[in-house]
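Geometric and topological summary
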Amino acid sequence: MKRRNAWNEAKEAEGPSKIVVGSKIVLALLALATLCVCAAAQEETADELYKKGRDLDRNGSYEEAVKAYDRAIELEPSNATFYISKVPGLNMLAILTNGQSKFNESLQAIDKALEIDPKNPRAWELKGNTLSQMKRYNESLEAYEIGIEKIVLYKGELNQTEELSGLWLGKGTVLSLWAGSINDDGLYEDAIKAFDKAIELDPQQNRGRLVKANALLNLGRYNESLNILDEAIEAASQNFEKAQIWFEKAHLFAEQGNYNETTEALEKVIELAPQDKDLLINGGVLLSAVLGKYDDALKYYERALQIDPKDGYAWYAKGEALKSLSRTSEANAAFVKAKELGYQG
């Protein structure tokens, strides 16, 4: 029989007890780690989840943002701000996915916020905006009017004057959209009055000047529209904002058939926002769709694609311009590229 080593005998004697003790230590450590994880999860407050949702919204992570707001709501179900915060993300998801159900979720969240805080101007503004995006213009207008009526009773943290200006701006916008859908000049006139009220309340409300200029343009009142845009440029503080206004001027000139003024305004746009691919693409669309200048439009699409070669819409627009120039093989290649990038046309 093989002789047993004294050292092995000693290890065998003490081994099992050591193993048991070691197992207990491991289990204890695992339990402690689990408790730490649970404690960390519990430490994520409603306010932290709300801030997390806002950061996710800014990054374009709308689904994750909505989930963060929902978790905040679970912790504080009577906080109207959390319900309101869900709405922009849900509306963006509705637009991106063409999903009506997301708009319905937005309305449910808004109605819950209004159940908690019936005078909240932001909730009424968002309700008007959501209904407008759903093309329920009459209901949208009613929401804005209720918000305007109730704001005098609002005692919350929001700036009353700024919120009232926003409500008038929203009312004007839905009137203008409604006017365009049924070709009603009277509604455009009502929209202009609402925009004037928004600008009177908040002179820095440049958005009001832009949409007013567009309403005047739709009424054929070009000189008035141009004057408003010049006012907006003076009031603008950032180059990007000025670039957008110059684009509106280019649109106005194009509608009048003024090619030279259009191209000069578009060059100003590029000077102010050289890396904005969307303004470049829109400039190309303006030159092709309104003025029929397809060669010029191609230059804008190509500059946009230098910034973002994976923009499917830019490839599609380039294909349309090439097609109009009878450059069929190049057009087809651009359409194929657009399709590869997920844009169907």
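Higher on the page you've got the structure.
Now for a quick tour of the structure. (Residues numbered from 1 in each chain as written. Predicted model: local features only at pLDDT ≥ 70, side-chain atom pairs only at ≥ 80, totals over all residues. Heavy atoms only, no water.)

1. Some words on the overall build of the protein chain
Looking only at helices and strands, one finds 17 helices and 0 strands in the protein chain. Across the 345 residues that make up the protein chain, the buried fraction comes to 41%. The contacts of the protein chain with a sequence gap of at least 6 include a subset with a gap of at least 24, amounting to 51%. (Helix = DSSP H or I, 4+ residues; strand = E, 2+ residues; numbered from the N terminus. Buried < 20%, exposed > 50% of the residue type's maximum accessible area, 1.4 Å probe, protein only. Contact = heavy atoms within 4.5 Å.)

2. A short note on helix α6 (residues 121–133)
Here α6 spans 18 Å end to end across 13 residues, near enough to the 18 Å set by a 1.5 Å rise per residue. At the N-terminal end of α6, a side-chain oxygen is found 3.0 Å from the backbone nitrogen of Arg122, two or three residues along, and the residue is Asn120. At the C-terminal side of α6, Lys135 shows a positive phi close to 65 degrees. (Expected span 1.5 Å × (residues − 1). Polar contact = N/O pair within 3.5 Å; in protein donor to acceptor, adjacent residues only side chain to side chain.)

3. Comments concerning unusual backbone geometry
One non-glycine residue, Asn183, adopts positive backbone phi at about 55 degrees. Within the secondary structure layout, Asn183 lies in the loop between α8 (160–182) and α9 (185–201). In this model, Ser326 sits at a positive phi of 65 degrees, which is unusual for a non-glycine residue.

4. Here's the deal with the packing of helix α13 (residues 259–272) against helix α15 (residues 294–307)
For the pair α13 and α15, the least separation of the axes is 13 Å and the interaxial angle reads 10 degrees. By the angle between their directions, the pair α13 and α15 is classed as roughly parallel. In this structure, α13 uses Tyr259, Thr263, Leu266, Glu267 and Ile270 to contact α15, whose residues at the interface are Asp296, Tyr300 and Arg303. (Axes fitted to C-alpha atoms, helices over the stretch in contact; angles between N-to-C directions. Parallel < 35°, antiparallel > 145°, perpendicular 65-115°, else oblique.)

5. Quick look at the packing of aromatic side chains
Working definition: an aromatic ring pair is given by the centre-to-centre distance plus the angle between the planes. A complete count under the given rule lists 6 aromatic pairs for this structure. Aromatic side chains Tyr50 and Phe82 sit 5.6 Å apart centroid to centroid with 40 degrees between the ring planes, which places their arrangement in the tilted category. Within this pair, whereas Tyr50 is found in helix α2 (residues 46–58), its partner Phe82 is found in helix α4 (residues 80–97), the two being separated by 32 residues in sequence. Classification of Tyr50 as buried rests on a relative accessible area of 19%. Residue classification places Phe82 among the buried residues on the basis of a relative accessible area of 1%. On the basis of an interplanar angle of 50 degrees and a centroid distance of 5.4 Å, the ring pair of Tyr316 and Phe335 is categorised as tilted. With Tyr316 in helix α16 (residues 312–324) and Phe335 in helix α17 (residues 328–340), the pair connects residues that are 19 residues apart, well separated along the chain. Of the aromatic side chains, those joined through ring pairs into one cluster are Tyr313, Tyr316, Phe335 and Tyr343. It is Lys249 that lies over the ring of Trp246; its NZ or CZ is 4.2 Å from the centre. (Phe/Tyr/Trp six-rings, centres within 6.5 Å; stacked < 30°, edge-to-face > 60°. Lys NZ or Arg CZ within 6 Å of the ring centre and 35° of its normal.)

6. What about the environment of Arg303?
Within the fold, Arg303 resides in helix α15. Overall, Arg303 belongs to the partly exposed group, its relative accessible area being 36%. Expressed as a C-alpha distance, the spacing of Arg303 and Lys277, which sit 26 residues apart in the sequence, is 7.8 Å. If sequence neighbours within four positions are ignored, Arg303 has contacts with Glu267, Ile270 and Leu280.

7. Quick look at the pattern of salt bridges
According to the stated counting rule, one finds 21 salt bridges in the structure shown. Between Glu302 and Lys318 there is a salt bridge, and its shortest N-O distance comes to 3.9 Å. Placement of Glu302 in helix α15 and of Lys318 in helix α16 is noted, with a sequence separation of 16 residues between them. Judged by its relative accessible area of 16%, Lys318 is buried. (Salt bridge = Lys/Arg side-chain N within 4 Å of Asp/Glu carboxyl O.)

8. Topic: the nonpolar core
If you look at the biggest cluster of nonpolar residues, it comprises 66 residues, and the most contacted ones within it are Ile245 and Leu266. Leaving out residues up to four positions away in the same chain, Ile245 has contacts with Asn206, Leu210, Leu229, Ala232, Ile233 and Ala236. (Core = buried A, V, L, I, M, F, W, Y, C linked by side-chain atoms within 4.5 Å.)

9. With respect to helix α11 (residues 222–235)
For α11, which comprises 14 residues, the first-to-last C-alpha distance of 20 Å matches the rise-based estimate of 20 Å (1.5 Å per residue) to within 8%. When we look at burial in α11, the residues that qualify are Ser225, Ile228, Leu229, Ala232 and Ile233. Viewed along the axis of α11, the buried residues span an arc of 145 degrees, placing them on a single side of the element. Facing away from the buried side of α11 by over 90 degrees, the exposed positions are Asn223 and Glu234. Summarising the contacts, the buried residues of α11 are in contact with α10 (206–218) and α12 (239–255). (Arc of directions from axis to C-beta.)

10. Notes on the packing of α15 against α16
One way to put it is that α15 packs onto α16 with a least axis distance of 9 Å and a crossing angle of 160 degrees. By the angle between their directions, the pair α15 and α16 is classed as roughly antiparallel. Like other packed secondary-structure pairs, α15 and α16 cross with a definite hand, here left-handed. Along the contact surface, α15 presents Tyr294, Leu298, Tyr301, Glu302 and Leu305, while α16 presents Ala314, Trp315, Ala317, Lys318, Ala321, Leu322 and Ser324. In terms of residue class, the contact of α15 with α16 is made up of 9 nonpolar, 1 polar and 2 charged. (Left-handed = near helix turned anticlockwise from the far one by under 90°. Nonpolar A, V, L, I, M, F, W, Y, C, P; charged D, E, K, R; others polar.)

Honestly, it's all geometry; don't read function into it.
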